[in-house]
Amino acid sequence: MAQVKNADPNYKVIAENRRARFDYAIEEDLECGIILEGSEVKSMRQGGSNIAESYAAVEDGELWLVNSYVAPYDQAKTFRHEERRRRKLLVSRKQMSHLWNETQRKGMTLVPLVLYFNHRGMAKIKIGIAKGKKNHDKRETSAKRDWSRQKARLLKDHG
């Protein structure tokens, strides 16, 4: 999860993929830059984006964010962007080789977790290197979450 900096006015979470932590076992995460057009940045500042159905892929030595949605920006008349275009992600060569190794050799998946503006106002995306959970793993996660809620409720009532 991204660090919450309440004192910083530039830090803002744009979109969060909550389903990812339920569907995948996330082993590590990585912060990436993202190449955007001007109308996309303005639309994101208004809060119009979604990364729930998207994924990241390493293709030809480059990292791409596929199927992410950025709402159209109404004030952009001539320079409009495509809503679901592929967006290039920026990582170092060392990180790129690590990601390629994880996805191609170990069969891991690159899942976007959080899209946000950092403290400098730059759009960033947190990518998780994950392995898909089986149904019994999902049930186990759900049972643990339910038990911790029930335990907290009991402690609050009787503690």
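Computed from a prediction, not measured in an experiment: that's the story for all the values here.

Definitions and cut-offs
Residues numbered from 1 in each chain as written. Predicted model: local features only at pLDDT ≥ 70, side-chain atom pairs only at ≥ 80, totals over all residues. Heavy atoms only, no water. Helix = DSSP H or I, 4+ residues; strand = E, 2+ residues; numbered from the N terminus. Buried < 20%, exposed > 50% of the residue type's maximum accessible area, 1.4 Å probe, protein only. Contact = heavy atoms within 4.5 Å. Expected span 1.5 Å × (residues − 1). Arc of directions from axis to C-beta. Pairing = 2+ DSSP bridges. Core = buried A, V, L, I, M, F, W, Y, C linked by side-chain atoms within 4.5 Å. Salt bridge = Lys/Arg side-chain N within 4 Å of Asp/Glu carboxyl O. Phe/Tyr/Trp six-rings, centres within 6.5 Å; stacked < 30°, edge-to-face > 60°. Lys NZ or Arg CZ within 6 Å of the ring centre and 35° of its normal.

Participant: Kindly report on the overall build of the protein, identifying the contributing residues and their values.
Facilitator: Assigned secondary structure in the protein consists of four helices and nine strands. Taking the principal axes of the C-alpha coordinates as reference, the protein spans close to 60 × 40 × 25 Å. A buried classification covers 39% of the 159 residues belonging to the protein. Taking the intrachain contacts of the protein between residues at least 6 apart in sequence as the baseline, contacts between residues at least 24 apart amount to 68%.

Participant: Describe the environment of Ile51, listing the residues and the values that go with them.
Facilitator: Assignment of secondary structure puts Ile51 in the loop between strand S3 (49–50) and strand S4 (55–59). With residues near it in sequence (within four places) discarded, Ile51 still touches Ala15, Glu16, Asn17, Ser68, Pro112, Leu113, Val114 and Leu115.

Participant: Could you give me a rundown of helix H3 (residues 93–105), with the residues and numbers involved?
Facilitator: Helix length check: H3, at 13 residues, gives a terminal C-alpha distance of 17 Å against a target of 18 Å (1.5 Å per residue), a fit within 8%. Residues of H3 that are buried include every one of Met96, Leu99, Glu102 and Thr103, and no others. Across the axial projection of H3, the buried residues extend over an arc of 130°, all falling on one side. Within H3, the exposed residues directed more than 90 degrees away from the buried face are Arg93, Lys94 and Arg105. Structurally, H3 contributes buried residues whose contacts are with strand S2 (24–34), S4, strand S5 (62–66), strand S8 (109–117) and strand S9 (123–132). Immediately downstream of H3, the backbone of Gly107 shows phi near 75°, a positive value.

Participant: Any chance you could break down the pairing of S9 for me, citing the residues and the numbers?
Facilitator: The buried fraction of S9 amounts to eight of the ten residues, a majority that puts the element mostly inside the structure. Relative to S9, S2 is paired through nine bridges, and the arrangement is antiparallel. Its bridge partner being in S9, Tyr24 is matched across the sheet by Gly132. Hairpin connection from S8 to S9: five residues lie between these consecutive antiparallel strands, with Gly121 at a positive phi of about 85°.

Participant: Hey, could you go over the side chain of Glu40 for me, with residue numbers and the actual values?
Facilitator: Residue position: Glu40 is located in helix H2 (residues 38–45). For Glu40, a relative accessible area of 0% corresponds to the buried category. Excluding anything up to four places from it in sequence, Glu40 contacts Val70, His81, Glu82, Arg85 and Arg87.

Participant: Now, about the nonpolar core: what can you tell me, with residues and values included?
Facilitator: In this structure, Leu63, Leu89 and Leu110 are the most contacted members of the largest nonpolar core, which totals 24 residues. Counting residues per element, the ones that place at least two in this core are strand S1 (12–16), S2, S4, S5, H3, S8 and S9. Considering every element that reaches this core, the biggest residue donor is S9, with four residues. Residues Tyr11, Ala20, Val111 and Tyr116 belong to the second largest nonpolar core, which totals seven residues.

Participant: Summarise the pattern of salt bridges; cite the residues concerned and give the values.
Facilitator: Summed over all chains, the structure comprises ten salt bridges. Residue Glu59 pairs with Arg86 through a salt bridge whose shortest N-O separation is 2.7 Å. Here Arg86 lies in the loop between strand S6 (69–70) and strand S7 (87–90) and Glu59 lies in strand S4, a separation of 27 residues in the sequence. Taking relative accessible area as the criterion, Glu59 reaches 30% and is therefore assigned partly exposed. Here the residues in one salt-bridge network are Glu37, Glu40, Arg85 and Arg87, joined through shared partners.

Participant: So what about the packing of aromatic side chains? Which residues, and what values?
Facilitator: Enumeration over the complete set of coordinates arrives at one aromatic pair. Their ring planes at 40° and their centres at 5.7 Å tell us that Tyr11 and Tyr116 sit as a pair that is tilted. Of this pair, Tyr11 sits in the segment before S1 while Tyr116 sits in strand S8, and the two are 105 residues apart along the sequence. Both residues of the pair, Tyr11 and Tyr116, belong to the buried class. Seen from the ring of Phe117, Arg45 lies directly overhead, with NZ or CZ sitting 4.0 Å from the centre. Lying across the ring of Trp64, Arg86 places its NZ or CZ 4.4 Å from the centre.

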